[in-house]
Amino acid sequence: MKSTLIALVEDKPGVLNRVASLFRRRAFNIESLTVGHTEQPGVSRMTIVVDSARTDVRKVAQNLYKLVNVIQVEDVTERPAVIRDLALIKVRTNGSTRAEVMQIVETFRARVVDVGLETLMVEVTGTEEKIDGLVEVLGSFGIVEMVRTGRVAMVRGSNGNNGKSQYRVKGE
Amino acid sequence: MRRTGAQIVWEMLKREGVEVVFGIPGGAIMHVYHPRRDYGIHHVLVRHEQCAAHAADGYARASGRVGVAIATSGPGATNLVTGIATAMMDSSPIVCITGQVPTSVIGFDAFQEIDITGITLPITKHNYLVTDVNDLAYIIHEAFYIARSGRPGPVLIDIPKDIQKAETDFVPPEEEVRLPGYRPVGPGDPEAVRQAADLINGAQRPIILAGHGVLMSGAMEILRAFAEKTETPVALTLLSKGGFPESHPLALGMMGMHGEVFVNQAIQEADLLLAFGMRFDDRVTGRLEHYAPKSRKVHVDLDAAELNKIVPVDVAILGDLRQVLEQLLPLVEPASHQEWLEQINRWREESRARDIVNRPSNGRLLAPQVVHAIWEATGGEAIVATDVGQNQMWAAQYYHLNRPHTLMTSGGLGTMGFGLPAAIGAQVAHPDKEVWAFVGDGGFQMTMQELATVVQERLPLRIALLNNGYLGMVRQWQEFFYDQRYESTSLLNPDFVRLVEAYGIHSWRVTTPEETHQAIAEARSHPGPAFIEFQVAQEGEEGNVYPMVPAGAALHEMIRRPTPAVKAR
Ligand SMILES: Cc1ncc(C[n+]2csc(CCOP(=O)(O)OP(=O)(O)O)c2C)c(N)n1
Ligand SMILES: [Mg+2]
């Protein structure tokens, strides 16, 4: 099973390196890791996906907390959350297949963002399953190039993420 | 107040209470060295940067304060690495300051440029590359705070040359650190503490496994009160020696691979393990499937990542050990465990009867007896540093300690060469106390150059070399587990006495038991540093450390000391 952790970290040079180094050193198996800014200046947010069959999610969280620049870690796997992945897919097309591809893109609520002589570039966001589905269908036309961002996640509801964590180190 | 980066370094070290630093200068750190004497901080010039880190580590362990090591960029910085890793594995608070090439050429493979923050990323608690002189004062303040708080550890600050030279208005940083995610733990969760108290109150055969955390959280007094109130015997890890007085009736001694048999027996038979500030190192548990099979387990540690990491426990308490024990003490009932203690004492007597120091001399010089003699002569009051190998285990087994911060030994990393520089650090921290370094002939030759530092600093250090002509601990493994093929473990050694005399250190050579006491007495009354080479038994049962849990065996499957009867054969 895949587990999703959200880590808030200080936006300082080398922090991503520290996190990556930790995963390597402790032999944690990471499926994907995304980093980006947040609503708070100076704070970055990482979404980390681990295969919980191979890597103990609690250990990942506990070890992340040992890094001085890690502010908060939350396991959102069991929480109602919106989870998204984004992909850009360049599909081979010709005069006869183009319309068909466009129709598939439509069905998946994806978008064509660039048109070449022999290719179309498709942008799609959604759950990983949805994107996997699209990739599979487009595969029969020939995928020239593809890039995926990896998972980002946010818990539903009106609360911000701050101050709520299953693994928050207790005792101030 | 206009100050250069170099001046800020010393200004801040002073503010952090630093009185002494250990290091070696070089091109990229010369700016820092230049104003040192204006600040009245003593500098101990070592002979190899590894020993600057070890000495800072020894100083930290002996004083309970943060040790400081300084090195230049490139090779100076890489030489620190073994010392930093040693401090990391044993949670010892040191701050290392390294010079770096100017910021304008970082990344250009400049002369003596090395990415030391990259290299030390996994072996420091935290590290910094300073890129603005205005950050320097705060970074130093934060570095000291991180090094000593929570689970202590080494912190490295890499300062490029142009930052050392740059001037700025020096504003002392505020006391409060700005670390939104870093919160050292306090007391434990009251519910978990209550559950632990219930287990303790119901136990018939409890045992405390005291770890390094006892010393680091300053829990010596409260641990003693707890042990006495609940009448629970206390086993120690190598690094917690001194955390509970070994002369106390409830003290068992060291557990694990070279612990006494009765201590490991007690662990295997206990119905409750109280693991206090220790981390179930494999040298302590032996084979995990058979570890303490009859017991419920309570684990108190300040590092969440240690809880349930190796041994799954019934109650895990995340918290500062001293504070958790303060919570626990009122909740536990006074108890008596006479039957259990008597059982342990019967095992203890059995172990004692086999003990080599309780046997009449057979004319050969035996390392355990040497350590025992030094322990007796010093009344157990010396500060002891050890190297790694058999000498380390003999020192741990036979030099019983009653006070905290009196043993410097490399536990987690097992770094040969640690003994002498760590003893230097301890002696610098306590110039008026008697400090003994126990070293083996192999490890001594890894950092022996520091004898020059001993002399230059006029340190009255006592060094006991247990010379067995072998990489003894490896030889022992070869004897037991590698078909007695002594592959690359025999040492052709120099004449140690002449060599050490060449440094200007008064030296003795002891080859028989009869000479032992007099040499020790003379070395102790000698005013300056003193060195005794003990040519101890090299091989066979007299040259081995007993008892021993073979790697991968269960704790109760120990290789016991050969009995006197077997010996007479
Ligand atoms: C730096 C380093 N290299 C190698 C080892 C592996 N090792 C562990 S004990 C030992 C033998 C130590 O020999 P010596 O210093 O003579 O001590 P003895 O065991 O004989 O007392 C060795 C080589 C080590 N622990 N550290
Ligand atoms: Mg030896």
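Think of each chain on its own: its residues are numbered from 1, step by step along the sequence as written. Whichever chain is written first is A, and whichever ligand is written first is 1; the rest continue in order. It should be noted that, the model being predicted, local features are given only for residues of pLDDT at least 70 and side-chain atom pairs only at 80 or more, the latter also being counted only at that level, while totals for whole chains, interfaces and linings use all residues. To get the side-chain values, all heavy atoms of the structure are used, and hydrogens and water are removed first.

Visitor: It is not clear to me how helix H23 (residues 513–525) of chain B should be interpreted in this structure. Could you clarify?
Guide: Residues and elements named next belong to chain B. Considered for burial, the residues of H23 that qualify are Pro513, Thr516, Ala519, Ile520 and Ala523. Taken around the axis of H23, the buried residues stretch over an arc of 105°, which confines them to a single face. Exposed positions of H23 whose direction lies more than 90 degrees from the buried face are Glu514, His517, Gln518 and Ser525. Relative accessibility decides the category of a residue: with a 1.4 Å probe and only protein chains considered, values under 20% of the type maximum give buried, values over 50% give exposed, and everything between is partly exposed. Starting at the N terminus, helices and strands are each numbered in turn, a helix being any DSSP run of H or I of at least four residues and a strand any DSSP run of E of at least two. Each C-beta atom gives one direction from the helix axis, and the arc is the one those directions make.

Visitor: Mind showing me how you'd approach the domain arrangement of chain B here?
Guide: Size of an interface: often given as the accessible area lost when the parts come together. All names here are of chain B. Domain delimitation in this document rests on an assignment produced automatically or drawn from a domain database. In terms of domain boundaries, chain B breaks down into domain 1 (2–169), domain 2 (190–350) and domain 3 (355–545). Relative placement of domain 2 and domain 3: their C-alpha centres are 30 Å apart. Here a residue-residue contact requires only that any non-hydrogen atoms of the pair lie within 4.5 Å. With 15 residues of domain 2 in contact, the opposing surface of domain 3 contributes 19 residues. Here domain 2 and domain 3 share an interface that buries about 1400 Å² over both sides, 61% of which is from carbon and sulfur atoms. Each of two parts loses accessible area, computed with a 1.4 Å probe, when they are put together; buried area is these two losses added. Among the residues of domain 2 in contact with domain 3, Leu238, Lys241 and His258 are the three that bury the most area, contributing 41% of the side total. For this analysis, a salt bridge means a side-chain nitrogen from Lys or Arg found within 4 Å of a carboxyl oxygen belonging to Asp or Glu. Linking domain 2 with domain 3 are zero salt bridges. N or O atoms within 3.5 Å of each other form a polar contact, as long as, within protein, one can give a hydrogen and the other can take it, and as long as residues adjacent in sequence are counted only when both atoms are side-chain atoms. In this structure, the connection of domain 2 to domain 3 is made through six residue pairs in polar contact (both at pLDDT 80 or more).

Visitor: Honestly, the coordination of the magnesium ion (ligand 2) in this entry has me stumped. Any pointers?
Guide: Any two of four tetrahedral donors ideally make an angle of 109.5 degrees at the metal, while pairs among six octahedral donors ideally make 90 or 180 degrees. Residue and element names in this part refer to chain B. Each metal site is built from N, O and S donor atoms within 2.8 Å (3.2 Å for Na, K and Ca), and since water is not included, such sites may look incomplete. Protein ligation of the magnesium ion (ligand 2) involves Asp441 (OD), Asn468 (OD1) and Tyr470 (O), the donor distances falling in the range 2.0 to 2.2 Å. Sequence spacing of the donor residues for the magnesium ion (ligand 2), all on one chain, is D-x26-N-x1-Y. In this pair, Asp441 sits in helix H19 (residues 441–447) while Tyr470 sits in the loop between strand S18 (462–467) and helix H21 (472–481), placing the two residues 29 residues apart along the sequence. On the basis of relative accessible area, Asp441 is assigned to the buried category, the value being 1%. By relative accessible area, Tyr470 is classed as buried at 11%.

Visitor: How should I be thinking about helix H18 (residues 419–429) of chain B in this particular structure?
Guide: The α-helix advances 3.6 residues per turn, and as a result positions three or four apart in sequence lie on the same side. Of all eleven residues making up H18(B), eleven are buried, and the element is well covered by its neighbours. Buried residues of H18(B): Gly419(B), Leu420(B), Pro421(B), Ala422(B), Ala423(B), Ile424(B), Gly425(B), Ala426(B), Gln427(B), Val428(B) and Ala429(B), and no others.

Visitor: Whenever I open this one, the side chain of Thr230(B) confuses me. Can you help?
Guide: Residues and elements named next belong to chain B. Mapped onto the fold, Thr230 is located in helix H11 (residues 220–230). For Thr230, a relative accessible area of 2% gives the class buried. Within the local environment of Thr230, its side chain forms a polar contact with the backbone oxygen of Phe226, the two atoms lying 2.7 Å apart. There is a polar contact of 2.8 Å between the side chain of Thr230 and the side chain of Thr232. Each residue touching Thr230, except ones within four places of it in the same chain, is listed here: Ile200, Val332, Glu333, Ala335 and His337.

Visitor: What is the right way to read the confidence of the model for chain A from this model?
Guide: Caution is warranted with low-pLDDT regions, since their predicted coordinates should not be read in detail. Each residue carries a pLDDT value, the predictor's own confidence for that position, ranging from 0 to 100. The predicted model of chain A averages 90 in pLDDT, with 93% of residues at 70 or higher. The low-confidence segment residues 165–172 of chain A, where pLDDT is below 50, has 26 contacts with residues more than four positions distant or belonging to other chains.

Visitor: Sorry if this is basic, but what is going on with the sheet that holds strand S12 (residues 272–276) of chain B here?
Guide: Strands in a sheet are paired, the pairing made by backbone hydrogen bonds, and the direction either parallel or antiparallel. Residue and element names in this part refer to chain B. The pairing criterion is simple: DSSP has to find at least two bridges between the two strands. On the basis of which strands lie adjacent, the open sheet formed by six strands has the order S11-S10-S9-S12-S13-S14 and parallel pairing. Either end of the sheet is taken by a strand with one partner, and the two such strands are strand S11 (251–254) and strand S14 (315–318). The average undirected angle you get between the axes of adjacent strands in this sheet is 15°. The pairing of strand S10 (residues 234–236) with S11 spans three bridges and is parallel. Directly across from Ala235, in S11, lies its bridge partner Gly253. For helices, the fitted line uses only the C-alpha atoms of the stretch in contact; every axis is such a line through C-alpha atoms, and the angle between N-to-C directions lies from 0 to 180 degrees. Across the sheet, helix H12 (residues 261–269) lies against strand S9 (206–210), S10, S11 and S12, angled at about 110° from S11, the strand it touches most.

Visitor: Even after reading the chapter, I still don't get the environment of Ala166(B), so can you show me in this structure?
Guide: Residues and elements named next belong to chain B. With respect to the secondary-structure elements, Ala166 resides in the loop between helix H8 (161–165) and strand S8 (167–169). Residue class for Ala166 comes out partly exposed when judged on its relative accessible area of 27%. In sequence terms Ala166 and Leu341 are 175 residues apart; their C-alpha atoms lie 66 Å from each other. Discounting chain neighbours no more than four positions away, the residues touching Ala166 are Arg3, Thr4, Gly5 and Val133.

Visitor: Can you walk me through the interface of chain A and chain B in this structure?
Guide: Contacts between chain A and chain B engage 19 residues on the former and 23 residues on the latter. Between chain A and chain B, the buried area comes to about 1800 Å², and carbon and sulfur atoms account for 53% of it. Across the chain A-chain B interface, the total number found is one salt bridge. The partner of Asp303(B) in a salt bridge is Lys66(A), with the nearest N and O atoms 2.6 Å apart. Taken together, chain A and chain B are joined by three residue pairs in polar contact (both at pLDDT 80 or more). Every element with two or more residues in the side of chain A that touches chain B is listed here: helix H1 (15–25), helix H2 (57–65) and strand S4 (70–75) of chain A. The nonpolar class holds Ala, Val, Leu, Ile, Met, Phe, Trp, Tyr, Cys and Pro. Asp, Glu, Lys and Arg form the charged class, and all remaining residues, Gly among them, are polar. Its residues assigned to classes, the side of chain A that touches chain B comprises four nonpolar, six polar and nine charged.

Visitor: Explain the sheet that holds S4(A) here, please?
Guide: Residues and elements named next belong to chain A. Strands sit in the order S2-S3-S1-S4 across an open sheet of four strands; the sheet is antiparallel. On the outer flanks of this sheet lie strand S2 (30–37) and S4, each paired with one strand and no other. The sheet shows a mean angle of 15° between the axes of neighbouring strands, direction not considered. As defined by bridge partners, strand S1 (residues 2–10) adjoins S4 across five bridges and the pair is classed as antiparallel. The partner of Leu8 across the bridge, within S4, is Gln72.

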